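Remarks on the overall topology
Here are the chains, one letter per residue:
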Amino acid sequence: AGSKIWINAQIRENAIIGNNCTISKDVYIDQRVFIGNNCKIQNGVSIFYGVHLEDDVFVGPNACFTNDKLPRAFNTKWEIFPTRLCKGTSIGANSTILCGLTIGEYSMVGAGSVVTKDVPPYTLVLGSPAKIIAKIDKFGNKL
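The following paragraphs examine the structure supplied in this document. (Residues numbered from 1 in each chain as written. Predicted model: local features only at pLDDT ≥ 70, side-chain atom pairs only at ≥ 80, totals over all residues. Heavy atoms only, no water.)

1. A closer look at the overall build of the protein chain
Quick reminder of the rule: Put simply, DSSP marks the helices as runs of H or I at least four residues long and the strands as runs of E at least two long, and each gets a number from the N terminus on. Radius of gyration: over C-alpha atoms. The globule rule applied is 2.2 Å multiplied by the number of residues raised to the 0.38 power. A 1.4 Å probe rolled over the protein chains alone gives each residue an accessible area, and that area as a share of the maximum for its type sets the label: buried under 20%, exposed over 50%, partly exposed in between. When checking whether two residues touch, look at their non-hydrogen atoms; a contact exists if any pair is within 4.5 Å. Here the open area of atoms and residues is found with the Shrake-Rupley method and a 1.4 Å probe, where only the protein chains shown may cover a residue.
Broken down by element type, the protein chain carries zero helices and 19 strands. In terms of overall size, the protein chain behaves like a compact globule, its C-alpha atoms giving a radius of gyration of 14 Å where 143 residues would be expected to give roughly 15 Å. Relative to its full complement of 143 residues, the protein chain shows a buried share of 36%. Contacts spanning at least 24 positions in sequence make up 17% of the contacts within the protein chain whose residues lie at least 6 apart. In the form shown here, the protein chain has an accessible surface area of approximately 7600 Å², with 54% of it arising from carbon and sulfur atoms.

Following this line, the structure appears as structure tokens:
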């Protein structure tokens, strides 16, 4: 209820999208992905099987999520490594989030960052690989 889905969005079978979400243009949501309430997914984002977004998550344009630690076209033993974005997380534009990680509640990933490790709650990370820059409050202000 109340969710908006823009042009050219593709939502696969058994995906769950919560209330009052915005799914922008050219977004791909894979099968069995869970998106909580009040989430905003910007243009060009692909959310693959194994990614779980809790409520109030923001994902900036062209952010990338992986779901396979050993991607190979010929791999017959493909294994999904789940990724969780906790409540209130913000992912900056063009960031890459490697699979099997947890991004803690109300944390922020700066634009263009490559996240290779779990991010603690209420933390700002930046860079490639992403490093902790500051502790932040719920609104992203440095403490």
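Resuming the write-up.
2. Quick word on the side chain of threonine 83
Let me state the cut-off plainly: N or O atoms closer than or at 3.5 Å make up a polar contact, with two conditions inside protein: a donor-capable atom paired with an acceptor-capable one, and, for residues adjacent in sequence, both atoms drawn from side chains.
On the secondary structure map, threonine 83 appears in strand E12 (residues 83–85). Within the structure, the side chain of threonine 83 is placed 3.1 Å from the backbone nitrogen of glycine 100, a separation counted as a polar contact. Beyond its immediate chain neighbours, meaning those up to four positions away, threonine 83 contacts Gly50, Val51, His52, Thr66, Ile97, Leu98, Cys99, Gly100 and Leu101.

3. Topic: the sheet that holds strand E4 (residues 22–23)
Test applied: Between any two strands, pairing holds if DSSP finds at least two bridges.
The eight strands lie next to each other as E1-E4-E7-E10-E13-E16-E18-E19, forming an open sheet whose pairing is mixed. The sheet is open, and its two borders are formed by strand E1 (4–5) and strand E19 (131–135), each paired with just one other strand.

4. Concerning the state of the cysteines
Put simply, the test is: By definition, disulfides here are pairs of cysteine sulfur atoms that lie within 2.5 Å.
Scanning the model with the defined rule gives zero disulfides in all. There is no disulfide at cysteine 21, and the cysteine sulfur nearest it, in cysteine 39, is 4.7 Å away.

5. Things to note about the pairing of E19
With four bridges connecting them, strand E18 (residues 123–126) and E19 associate as antiparallel partners. Residue pairing across strands places leucine 124 opposite alanine 134, the latter belonging to E19. Linking E18 to E19, which pair antiparallel, is a turn of four residues; within it glycine 127 sits at a positive phi near 100°.

6. Brief notes about the nonpolar core
Here is the rule we go by: Take the buried Ala, Val, Leu, Ile, Met, Phe, Trp, Tyr and Cys residues and link them wherever side-chain atoms come within 4.5 Å; each set so joined is a nonpolar core.
One finds Ile47 and Val59 to be the most contacted residues of the largest nonpolar core, which totals 25 residues. Every residue in contact with valine 59, bar those within four places of it in the chain, is listed here: Lys40, Ile41, Gln42, Val45, Leu53, Phe65 and Ile91.

7. Comments concerning the environment of cysteine 99
With respect to the helices and strands, cysteine 99 occurs in the loop between strand E14 (96–97) and strand E15 (102–103). Overall, cysteine 99 belongs to the buried group, its relative accessible area being 7%. Separated by 94 residues in the primary sequence, cysteine 99 and isoleucine 5 have C-alpha atoms spaced 26 Å apart. The residues contacting cysteine 99, other than those within four sequence positions of it, are Thr66, Asn67, Asp68, Lys69, Phe81 and Thr83.

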